[in-house]
Amino acid sequence: MAKIINKLLLVWLKVTLLSNKRIRSSYHRRILSWLIDSGGSVSQISKSLKIRTPHASLALSQLRNKGLVSRNESSGIRGAIHKITKQGRMRLDEDYIALYKLHAINLPQNHDAVVLESKGPIIILCYVKNPPKSLISLPENPYLDIDSMEKDSSGSMGVRWASVKSSSINWYSKITLEKVQPPNKSNLGTIEGWFEQSNSFAIVRANLLNSDEQWNVNAGTWFDAPAMSEENLPEILSSGDNKIGEIVDSDISVSWKNRLHAHLTSKVDSSMLINSFSHGCVVMRNNLIKPQKTILPIGCLSNWLKMKHPRMSSVKLNARYRTLSKSLISNSSNSNNSLSLALLRDISRDFGECEWVSKNPGNIEVSGLSLIGMKSLIEFIKAKGDLEFIVEWNWPILANLDFLEYILRENNCRLLVTKHGDITEINSALAKLVSLRELATVKLQLSREHSLTIKLSTGPDVSSPITHNSVPRNAEELVRSHSGKSWDLDCLTNKEANFEYRKEIWQAMNFYPEGNEEWANKIELHNPLAAWIATPNRNRKSRWIRIVGNLPNKWADLLEINIDNIEVIISSFSKGSRTWQKKSIIYISEYFVKNNQLLIQMSHFLDSKSAVNLSACILLASKELPDDFTELIQRSVDYWLDGPLFAQEILATLFPNNSVEHNDRFGVLDKVRNASMIHPKDSILYNWSSYVTSLMNGEVISSTSMRNYMKLFPYKWWYDDSSNWLLNQLSSSAGRRWLAANRLPWPALIARLDGEVCGPPGFPKRFTRNIPSSGEIIFIPVMTDCEAKDSLMDLYDMISSLEESTDVAPGRTHPMVGYLLREFQEWPDFSASIFNEGDEEIASLLFGISFYKNLV
């Protein structure tokens, strides 16, 4: 018990002594607080704190004598920099604790904070809850209840703002009054967290943002912090349209207008900030994605000539510039021949390989520019007077400080980004941004006293897109080249010479695929294709109807294939790519099956340019249509034969081989067969007609025709003849060469079961198994080794082992292929896993026969 009493007495004695440790001189106290942030000269201190210079000099002398301040005299006494010492910091801490003892020892727990001192721009606050880490909101009049406080004319509560640095927040124990660690955030809501919070407090040194108006609040006044709102933010943080980001630990966004210097060592920070600032201005930057060729305004060469020839008269300079611009803009080798090789070398050295244009690109790649090239470009953009701009500077700051000062004096300069060397003060900048260790987090330095920690904006990229030399030739190229937020330039084949047109197309591509309806509406009359690319999907149908006549071919692919667009799609078949047409035909044919009435509604398009494609839709659906549509189907056949899309599928639909009889339901077999003979000899239709005619007439099929049929047709059309055709090809050197060059699943073609319905559409028949002997295929083992030989060797081994009555040997194309020639009694049961073991055709036949054998 005595030990506890002694400990409490020591604590009481310590608190009592601390209460008498106030810094009595207000000058001393204000100077020490000011020096906490960084050092300064007598004149700087006098000007900032509004203390007369002799008084400031005397106070600093007294502080030096006490060891609270040191002076760097390495460059002389005049203008020497003063810095606070460790002892000075400890003395300030003692002063703050003394203030706490005087005004806050009985701080109510139901309020946020108490004022310890409010004299001039620096205020000392004591928080019992976690204080803001960057920006503090203070009630204009803390003596009134916030709930009953009247609103001012702007509709917002009277609020004062102060900035605070994280180094200016110190936590203390209520019991010992010694520094402690801040309460652990992970303990919030727990008993341990409550104990930490209730037994500690934070002393915060903050700087009023509008220091010209004093915050007239007495020490010892407690208050609740007003809710932070962007409506009543100081003008300096909200007057601009360019969002920097959000203040940490808050939802308050900070926006800026112009003349901001950002020294960002992180490429991610630079990219995020430039993207956020770049809407509607010229951006000179290092793009993460480089253009195919840098595009530069020809006008910057005028400034370049002046820098290269400072003594040349303006008349000569203008004449040389006109010659130069005319030669480079015309972009012809003959005109370039008029320029000296030395001059071309100089231009290439300062600007790299580039394309010269008479307009101003919105996004200019500067990685290939020399220092003089960059300066001439900036001078040209700056001289325009009506263009706001952003500069990403790739060179040292100190060596070019005068030029950077010159840039930031221009109100049209929104942002200057530097990255090389130490942080250097550019006096003409209105504020400075500096990268912090945490990614996408920066410090906004408004002045020596005021800084805010900001999380950079992660909003959409509003920068002007890079204008590449190529644009998509059609919608298929556009879709194929688009990958997330990047473009595969190798897919773009249209080399467009018109820069303004190309620029608008790339702007539209920047909006794709989400689109920008407002932008598309503005440009629709001037550049219909750019408007079409930038149109959101929900608005494409209406825009297509308006501008389809002004668009080049093969851009219908951007129309979504759905029921709402069916009529537009049918009328626009010719405007789409072959791939899109086929997808549309399949979708529409499936919908015709579901909704026969829609087919009747759309049939009038058979009298339009879309007749060929619509006829394909109808014929693909014909198998499921009732007989009432026979006349329409017969009419569709006439149109389809003019451009037979989906020949294989439509032949199988018109003449289904589901039985050996009645497979010409619509009576069009002879019409299709005869008309097909005028089609190209390498087409499916011509070869189908030739094959069916030969079968009908019992004609002998030539070896060449066999090879054509085997290459073009599905296996089902010809595998009833597969055994004979194989022997025919093995009998000649040309046939064996063809077999070696074309891989076919011969075991699955020859070793099928008797009775299977097969044959080409229009001539169905039943499969008859015809297994050749090993002697008939003796040429197979001596063929040259190749991939196609594997299935032929499997066929040879199957037949040989069957003839010799040996066990089934594992096959090359499928390990179980040998069972195809064995009796059902020898077969194991095969599961679906057989499809993963080898050739798909062979696996399908094995699985089907395995299922069938259990039925018989």
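Residues numbered from 1 in each chain as written. Predicted model: local features only at pLDDT ≥ 70, side-chain atom pairs only at ≥ 80, totals over all residues. Heavy atoms only, no water.

K.L.:
What should I look at first to understand a negative patch on the surface in this one?
P.N.:
A cluster of acidic residues, E230, E231, E246 and D251, forms a negative patch on the protein surface. A relative accessible area of 31% means that E246 is categorised as partly exposed. (Patch = residues over 30% accessible without salt bridge, like charges linked within 9 Å, V, L, I, M, F, W, Y side chains within 5 Å. Areas by Shrake-Rupley, 256 points an atom, 1.4 Å probe, with all protein chains shown as cover. Salt bridge = Lys/Arg side-chain N within 4 Å of Asp/Glu carboxyl O. Lys, Arg positive; Asp, Glu negative; His and termini not counted. Charge placed at Lys NZ, Arg CZ, Asp CG, Glu CD. Buried < 20%, exposed > 50% of the residue type's maximum accessible area, 1.4 Å probe, protein only.)

K.L.:
Even after reading the chapter, I still don't get the pattern of salt bridges, so can you show me in this structure?
P.N.:
Where charged atoms from two side chains of opposite charge come close, those side chains can pair. By the definition in use, this model includes 30 salt bridges. For R665, the salt bridge identified is with D627, shortest N-O distance 2.8 Å. Residue R665 is located in the loop between α25 (647-654) and α26 (669-676), and its partner D627 is located in the loop between α23 (611-621) and α24 (630-640); the two are separated by 38 residues in the primary sequence. With its nearest N and O atoms 3.4 Å apart, the salt bridge here joins D720 to K765. (Helix = DSSP H or I, 4+ residues; strand = E, 2+ residues; numbered from the N terminus.)

K.L.:
Even after reading the chapter, I still don't get the nonpolar core, so can you show me in this structure?
P.N.:
One recurring pattern in soluble globular proteins: nonpolar side chains tend to sit buried together. Within the largest apolar cluster, 115 residues are counted, with the highest numbers of intra-cluster contacts made by F592, W688, W746 and L820. Those residues in contact with W688, other than ones at most four positions away along the chain, are L651, F655, L669, V672, R673, S676, F713, W717, P760 and P761. Formed by 38 residues, the second largest nonpolar core is a distinct cluster that contains I347, F389, I397 and L404. (Core = buried A, V, L, I, M, F, W, Y, C linked by side-chain atoms within 4.5 Å. Contact = heavy atoms within 4.5 Å.)

K.L.:
Quick question: what am I supposed to make of the packing of helix α28 (residues 703-712) against helix α31 (residues 733-741) here?
P.N.:
Helix packing geometry: the angle between the two helix axes and the distance between the axes. Remark: α28 packs on α31, axes separated minimally by 11 Å, with the N-to-C direction vectors making an angle of 10°. Accordingly, the angle class assigned to the pair α28 and α31 is roughly parallel. Where α28 approaches α31, its residues R707, M710 and K711 are matched on the opposing element by A734, G735 and W738. Its residues assigned to classes, the contact of α28 with α31 shows three nonpolar, one polar and two charged. (Axes fitted to C-alpha atoms, helices over the stretch in contact; angles between N-to-C directions. Parallel < 35°, antiparallel > 145°, perpendicular 65-115°, else oblique. Nonpolar A, V, L, I, M, F, W, Y, C, P; charged D, E, K, R; others polar.)

K.L.:
Before we go on, may I ask you to explain the packing of aromatic side chains in this structure?
P.N.:
Aromatic ring pairs are described here by two measures, namely the spacing of the ring centres and the angle between the planes. Overall, the coordinates contain 31 aromatic pairs when judged by the stated rule. Connected via pairs of aromatic rings, a cluster forms that spans Y691, Y709, F713, Y715, W717, W718, W725 and W746. The ring centre of F779 lies 4.5 Å from the NZ or CZ of R736, which sits over that ring. Above the plane of the ring of Y719 lies R752, whose end atom (NZ or CZ) is 4.1 Å from the centre. (Phe/Tyr/Trp six-rings, centres within 6.5 Å; stacked < 30°, edge-to-face > 60°. Lys NZ or Arg CZ within 6 Å of the ring centre and 35° of its normal.)

K.L.:
What's the story with unusual backbone geometry in this structure? I'm lost.
P.N.:
With glycine set apart, most residues show a phi of negative sign, and most peptide bonds adopt trans. Cis geometry is found at the peptide bond from Y512 to P513, where omega equals 5°. With respect to the helices and strands, the residue P513 is situated in the loop between α16 (499-511) and α17 (517-523). Phi is positive for A440, which is not a glycine, with a value near 65°. Along the polypeptide, A440 turns up in the loop between β19 (431-435) and β20 (441-445). Not every positive phi belongs to a glycine, and S805 is a case in point at roughly 60°.

K.L.:
Is there a simple way to think about the confidence of the model for the protein in this case?
P.N.:
Atomic detail in the predicted coordinates should be set aside for any region of low pLDDT. Per-residue pLDDT for the protein averages 86, and the proportion of residues at 70 or more is 92%. Low pLDDT (under 50) marks residues 146-156, which in the prediction has 12 contacts with non-local residues, meaning those over four places away or in another chain. (pLDDT = per-residue confidence, 0-100.)

K.L.:
Explain helix α14 (residues 401-408) here, please?
P.N.:
In an α-helix, one turn spans 3.6 residues; hence positions three or four apart end up facing the same way. Residues of α14 that are buried: F403, L404, E405, I407 and L408. Next to the buried residues of α14 lie β12 (260-263), α13 (371-384), β17 (389-392) and β18 (413-418).

K.L.:
Explanation requested: the environment of H55 in the structure shown.
P.N.:
Position of H55 relative to the elements: it lies in helix α4 (residues 53-65). Looking at H55, the relative accessible area reads 33%, which means it is partly exposed. Residues H55 and F605, 550 residues apart in the sequence, show an inter-C-alpha distance of 96 Å.

K.L.:
What is the right way to read a nonpolar patch on the surface from this model?
P.N.:
Taken together, I778, F779 and V782 make up a surface patch of nonpolar side chains, about 290 Å² in accessible area. Along the chain, I778 falls in the loop between β27 (765-766) and α33 (789-804). Looking at I778, the relative accessible area reads 45%, which means it is partly exposed.

K.L.:
Sorry, what's going on with the packing of helix α9 (residues 300-308) against helix α12 (residues 341-351) here?
P.N.:
One way to put it is that α9 packs onto α12 with a least axis distance of 12 Å and a crossing angle of 105°. In this view, α9 runs roughly perpendicular relative to α12, as classed from their interaxial angle. Residues C300, L301, W304 and K308 of α9 touch α12, and the partners they reach there are L343, D346, I347, R349, D350 and F351. Of the residues in the contact of α9 with α12, the class split is six nonpolar, no polar and four charged.

K.L.:
Where do I start with the state of the cysteines in this structure?
P.N.:
Disulfide: a covalent bond connecting the sulfur atoms of a pair of cysteines. For the coordinates displayed, the defined rule picks out zero disulfides. The thiol of C281 is unpaired, and the distance to the nearest cysteine sulfur, on C413, comes to 9.4 Å. Owing to a relative accessible area of 5%, C281 belongs among the buried residues under this scheme. (Disulfide = S-S within 2.5 Å.)

K.L.:
Looking at this model, I keep getting lost on the sheet that holds β20. Mind explaining?
P.N.:
For sheets, the rule is that strands pair by backbone hydrogen bonds, running either parallel or antiparallel. Taken in spatial order, the 10 strands make up an open sheet running β11-β10-β21-β20-β19-β12-β18-β17-β13-β16, and their pairing is mixed. In the strand order of this sheet, the two ends are held by β11 (253-256) and β16 (363-365), each with one partner. On average, adjacent strands in this sheet sit at an angle of 25° to one another, irrespective of strand direction. Taken together, the five bridges between β20 and strand β21 (residues 451-456) define a ladder with antiparallel strand orientation. Paired with K443 across the strands is T453, a residue of β21. Across the sheet, α14 is in contact with β12, β17 and β18; its angle to β18 comes to roughly 150°. (Pairing = 2+ DSSP bridges.)

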